[in-house]
Amino acid sequence: MLGFMKRQMKREHIKLMFQNSHATNYLHAYFDTEETRRVRELTELITQNWNPSELLSDEDLDVMLATNRLLRRLYDSTPSKFSKSFDDEFQPLLGWKATYRRYGL
(Lines give C-alpha, C1' and ligand atoms only; values in the text may rest on other atoms or scores of the structure.)
Protein backbone atom coordinates (compact mmCIF):
# COMPACT_ATOMS: atom_id res chain seq x y z
CA MET A 1 0.00 0.00 0.00
CA LEU A 2 1.29 3.46 -0.83
CA GLY A 3 2.47 5.53 2.11
CA PHE A 4 -0.01 8.33 1.42
CA MET A 5 -2.95 5.94 1.22
CA LYS A 6 -1.93 4.17 4.42
CA ARG A 7 -1.58 7.50 6.23
CA GLN A 8 -5.03 8.57 5.03
CA MET A 9 -6.54 5.28 6.20
CA LYS A 10 -4.91 5.72 9.63
CA ARG A 11 -6.46 9.19 9.84
CA GLU A 12 -9.88 7.80 9.00
CA HIS A 13 -9.51 5.06 11.61
CA ILE A 14 -8.50 7.61 14.26
CA LYS A 15 -11.51 9.75 13.39
CA LEU A 16 -13.84 6.75 13.47
CA MET A 17 -12.56 5.57 16.85
CA PHE A 18 -12.70 9.08 18.35
CA GLN A 19 -16.25 9.69 17.15
CA ASN A 20 -17.48 6.29 18.26
CA SER A 21 -15.92 6.60 21.68
CA HIS A 22 -17.30 10.07 22.38
CA ALA A 23 -20.69 9.51 20.75
CA THR A 24 -21.20 6.28 22.67
CA ASN A 25 -20.70 8.03 26.00
CA TYR A 26 -22.87 10.98 24.95
CA LEU A 27 -25.74 8.89 23.63
CA HIS A 28 -25.65 6.48 26.55
CA ALA A 29 -26.99 9.37 28.65
CA TYR A 30 -29.99 9.75 26.29
CA PHE A 31 -30.68 6.10 25.63
CA ASP A 32 -29.86 3.85 28.55
CA THR A 33 -30.93 0.68 26.76
CA GLU A 34 -29.45 -2.77 26.36
CA GLU A 35 -28.41 -1.88 22.80
CA THR A 36 -26.48 1.24 23.85
CA ARG A 37 -24.84 -0.65 26.70
CA ARG A 38 -23.67 -3.38 24.30
CA VAL A 39 -22.40 -0.80 21.81
CA ARG A 40 -20.58 1.05 24.58
CA GLU A 41 -18.91 -2.13 25.87
CA LEU A 42 -17.90 -3.21 22.37
CA THR A 43 -16.50 0.22 21.53
CA GLU A 44 -14.52 0.32 24.78
CA LEU A 45 -13.14 -3.17 24.16
CA ILE A 46 -11.96 -2.39 20.63
CA THR A 47 -10.57 1.00 21.72
CA GLN A 48 -8.56 -0.58 24.54
CA ASN A 49 -7.01 -3.15 22.22
CA TRP A 50 -6.33 -0.72 19.37
CA ASN A 51 -2.97 0.92 18.71
CA PRO A 52 -3.50 4.25 16.86
CA SER A 53 -0.24 3.77 14.95
CA GLU A 54 -1.74 0.68 13.28
CA LEU A 55 -4.76 0.12 11.10
CA LEU A 56 -7.83 -1.57 12.53
CA SER A 57 -8.28 -5.19 11.54
CA ASP A 58 -10.92 -5.79 8.87
CA GLU A 59 -13.28 -7.31 11.45
CA ASP A 60 -12.88 -4.43 13.91
CA LEU A 61 -13.27 -1.90 11.10
CA ASP A 62 -16.55 -3.50 9.98
CA VAL A 63 -17.84 -3.46 13.56
CA MET A 64 -16.81 0.15 14.11
CA LEU A 65 -18.36 1.30 10.83
CA ALA A 66 -21.64 -0.41 11.72
CA THR A 67 -21.43 1.14 15.19
CA ASN A 68 -20.85 4.58 13.67
CA ARG A 69 -23.94 4.21 11.47
CA LEU A 70 -26.01 3.22 14.52
CA LEU A 71 -24.66 6.12 16.58
CA ARG A 72 -25.43 8.58 13.79
CA ARG A 73 -28.98 7.26 13.59
CA LEU A 74 -29.42 7.57 17.37
CA TYR A 75 -27.91 11.07 17.38
CA ASP A 76 -30.40 12.14 14.72
CA SER A 77 -33.22 11.30 17.15
CA THR A 78 -31.90 13.70 19.84
CA PRO A 79 -32.59 17.44 20.14
CA SER A 80 -28.84 18.08 19.66
CA LYS A 81 -29.10 17.36 15.96
CA PHE A 82 -30.73 20.75 15.48
CA SER A 83 -27.75 22.66 16.85
CA LYS A 84 -24.81 20.60 15.55
CA SER A 85 -24.26 17.83 13.07
CA PHE A 86 -22.81 14.53 14.27
CA ASP A 87 -19.42 15.39 12.77
CA ASP A 88 -19.38 18.83 14.38
CA GLU A 89 -20.48 17.51 17.77
CA PHE A 90 -17.88 14.76 17.98
CA GLN A 91 -14.57 16.29 17.01
CA PRO A 92 -11.48 17.13 19.04
CA LEU A 93 -11.40 20.54 20.71
CA LEU A 94 -8.16 21.43 18.94
CA GLY A 95 -9.37 20.06 15.60
CA TRP A 96 -8.45 17.07 13.51
CA LYS A 97 -5.13 18.46 12.24
CA ALA A 98 -3.77 18.75 15.80
CA THR A 99 -5.01 15.26 16.59
CA TYR A 100 -3.37 13.78 13.51
CA ARG A 101 -0.11 15.62 14.30
CA ARG A 102 -0.20 14.08 17.77
CA TYR A 103 -0.04 10.65 16.14
CA GLY A 104 2.60 11.72 13.62
CA LEU A 105 0.22 11.84 10.69
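Preceding this section is the structure that the text describes.
Note that the structure is predicted; figures quoted are calculated from it, not measured.

Conventions we followed
Residues numbered from 1 in each chain as written. Predicted model: local features only at pLDDT ≥ 70, side-chain atom pairs only at ≥ 80, totals over all residues. Heavy atoms only, no water. Helix = DSSP H or I, 4+ residues; strand = E, 2+ residues; numbered from the N terminus. Expected span 1.5 Å × (residues − 1). Buried < 20%, exposed > 50% of the residue type's maximum accessible area, 1.4 Å probe, protein only. Contact = heavy atoms within 4.5 Å. Phe/Tyr/Trp six-rings, centres within 6.5 Å; stacked < 30°, edge-to-face > 60°. Salt bridge = Lys/Arg side-chain N within 4 Å of Asp/Glu carboxyl O.

1. Overview of helix 1 (residues 3–30)
Its 28 residues give helix 1 an end-to-end C-alpha distance of 41 Å, which sits within 8% of 40 Å, the value for a rise of 1.5 Å per residue. Along helix 1, the residues classified as buried are Lys 10, His 13, Ile 14, Leu 16, Met 17, Gln 19, Asn 20, Ala 23, Thr 24, Leu 27 and His 28. Those residues of helix 1 that are buried lie in contact with helix 2 (34–49), helix 3 (58–75), helix 4 (86–89) and helix 5 (96–102).

2. Considerations on the environment of Leu 70
Topologically, Leu 70 is positioned in helix 3. Judged by its relative accessible area of 11%, Leu 70 is buried. Taking the C-alpha atoms as reference points, Leu 70 and Thr 24, separated by 46 residues in sequence, lie 9.9 Å from one another.

3. Side note on the side chain of His 13
Relative to the assigned elements, His 13 resides in helix 1. Judged by its relative accessible area of 6%, His 13 is buried. Setting aside chain neighbours within four positions, we find His 13 in contact with Trp 50, Leu 55, Leu 56 and Leu 61.

4. Concerning the packing of aromatic side chains
With the rule as written, the count across this model stands at nine aromatic pairs. When the centroid spacing of 5.4 Å and the interplanar angle of 75° are considered together, the rings of Tyr 26 and Phe 90 count as edge-to-face. Separated by 64 residues along the polypeptide, Tyr 26 in helix 1 and Phe 90 in the loop between helix 4 and helix 5 bring together distant segments of the chain. With a relative accessible area of 4%, Phe 90 lands in the buried category. Taken together, the ring pairs connect Tyr 26, Tyr 30, Phe 31, Tyr 75, Phe 86 and Phe 90 into an aromatic cluster.

5. A short note on the environment of Glu 12
With respect to the helices and strands, Glu 12 occurs in helix 1. A C-alpha to C-alpha distance of 9.9 Å links Glu 12 and Tyr 100, two positions 88 residues apart in sequence.

6. Focus on the pattern of salt bridges
A full pass over the atoms with the stated rule returns three salt bridges. In this structure, Arg 40 and Glu 44 form a salt bridge, with 3.5 Å as the shortest nitrogen-oxygen distance. Of this pair, Arg 40 and Glu 44 both sit in helix 2, four residues apart, roughly one helical turn. Assessed through its relative accessible area of 27%, Arg 40 is described here as partly exposed. Overall, Glu 44 belongs to the partly exposed group, its relative accessible area being 37%. For Arg 72, the salt bridge goes to Asp 87, with nearest N and O atoms at 2.7 Å. Note that Arg 72 is positioned in helix 3 and Asp 87 in helix 4, a separation of 15 residues in sequence. Under the relative-accessibility criterion, Arg 72 is labelled partly exposed at 27%.

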